[in-house]
Amino acid sequence: GASAVFDGTNDYLLCGQAVVPSTEDFTVEYWIRFNNVSSSRRDFFAQYTGAVNGRFTMNTQTNGAFQTFIGGTGAPGVLETSAGKIVDNTWYHISFVRSGTNFYLFVDGVLEDTATGTVGIEQRETMIGQRNDGSGDFSGYIDELRVSNTARYTAIFTAPTAPFVIDDNTLL
């Protein structure tokens, strides 16, 4: 199979609508490989217009930590891995899950962080490869991206190795 390639210079996919549900359960998961983690913050999944309330982003930090952020009143805030977790030229399975008011961040099936919150995700078009404000261009590869309207994982799991099969819960 093939993956989407992003060179870090104005490459992105625009979904045209929100794909992550506002307050319902969801899972965002994909395989990802970074070309240059430490150069600057790199965003590869975003759904927001600029306001903090309901902002949803997934990115890497310059210290090699993988981070998700959901902002606003009642939001879980930042969930992230330890510094140095993500390195260049290595494939990772990332999964971010909402189950009720619980949020889970997994890397390669290992639970890295959890939080609770009640905020809804802003319902704006989803961008893959950069933030909605046009910054944070991602450099690397994304494969097997799937967004579901169910909490597929809430405990440690074995990361899938076969292509995803579309089911009734698959949104993207």
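Everything that follows concerns the structure shown earlier in this document.
Model, not experiment: these values are computed from the prediction.

Caption draft 1: A look at the environment of R146. When you line up the elements, R146 lands in strand β12 (residues 139–148). Classification of R146 as buried rests on a relative accessible area of 8%. Spatially, the C-alpha atoms of R146 and V28 are 6.0 Å apart, while their sequence positions differ by 118 residues. Not counting the four nearest positions on each side in its chain, R146 is found in contact with T27, V28, E29, R152, Y153, F164, V165, T170 and L172. At a separation of 2.7 Å, a polar atom in the side chain of R146 contacts the side chain of E29.

Caption draft 2: Local environment of the pairing of β12. Across four bridges, the pairing between strand β1 (residues 4–7) and β12 is antiparallel. Paired with D7 across the bridge in β12 is S139. In terms of strand pairing, strand β3 (residues 26–34) meets β12 through seven bridges, oriented antiparallel. Of the residues in β12, the one forming a bridge with T27 is S148.

Caption draft 3: Layout of the nonpolar core. Membership of the largest hydrophobic core comes to 30 residues, with the highest contact counts inside it found for F44, F45, F56 and M58. Counting five residues, the second largest nonpolar core, distinct from the first, contains V97, Y104, F106 and Y153.

Caption draft 4: View of the packing of aromatic side chains. Under the criterion given, the structure shown has 16 aromatic pairs. A centroid spacing of 6.2 Å and a plane angle of 50 degrees characterise the contact between W91 and Y141, whose relative ring orientation is tilted. Taken as a pair, W91 in strand β8 (residues 91–99) and Y141 in strand β12 lie far apart in primary sequence, 50 residues in all. W91 sits in the partly exposed class, given a relative accessible area of 35%. In this structure an aromatic cluster arises from ring pairing among F6, Y30, F34, F44, F66 and F138. Over the aromatic face of F164 sits the side chain of R146, whose NZ or CZ is 4.0 Å from the ring centroid.

Caption draft 5: The arrangement of the pattern of salt bridges in detail. One pass over the full model with this rule turns up five salt bridges. A salt bridge links R124 to E122; the shortest N-O distance between them is 3.4 Å. A relative accessible area of 14% places E122 in the buried class.

Caption draft 6: Up close: unusual backbone geometry. The phi torsion at N89 lies on the positive side, around 60 degrees, for a residue other than glycine. Secondary-structure assignment places N89 in the loop between β7 (77–80) and β8. Even without glycine at this site, D108 takes up a positive phi of about 55 degrees. Residue classification places D108 among the partly exposed residues on the basis of a relative accessible area of 33%.

Caption draft 7: Quick peek at the sheet that holds strand β10 (residues 110–116). The antiparallel open sheet is built from six strands, whose spatial order is β1-β12-β3-β8-β9-β10. On the outer flanks of this sheet lie β1 and β10, each paired with one strand and no other. Direction aside, the axes of adjacent strands within the sheet are offset by 20 degrees on average.

The rules we used
- Residues numbered from 1 in each chain as written.
- Predicted model: local features only at pLDDT ≥ 70, side-chain atom pairs only at ≥ 80, totals over all residues.
- Heavy atoms only, no water.
- Helix = DSSP H or I, 4+ residues; strand = E, 2+ residues; numbered from the N terminus.
- Buried < 20%, exposed > 50% of the residue type's maximum accessible area, 1.4 Å probe, protein only.
- Contact = heavy atoms within 4.5 Å.
- Polar contact = N/O pair within 3.5 Å; in protein donor to acceptor, adjacent residues only side chain to side chain.
- Pairing = 2+ DSSP bridges.
- Core = buried A, V, L, I, M, F, W, Y, C linked by side-chain atoms within 4.5 Å.
- Phe/Tyr/Trp six-rings, centres within 6.5 Å; stacked < 30°, edge-to-face > 60°.
- Lys NZ or Arg CZ within 6 Å of the ring centre and 35° of its normal.
- Salt bridge = Lys/Arg side-chain N within 4 Å of Asp/Glu carboxyl O.
- Axes fitted to C-alpha atoms, helices over the stretch in contact; angles between N-to-C directions.

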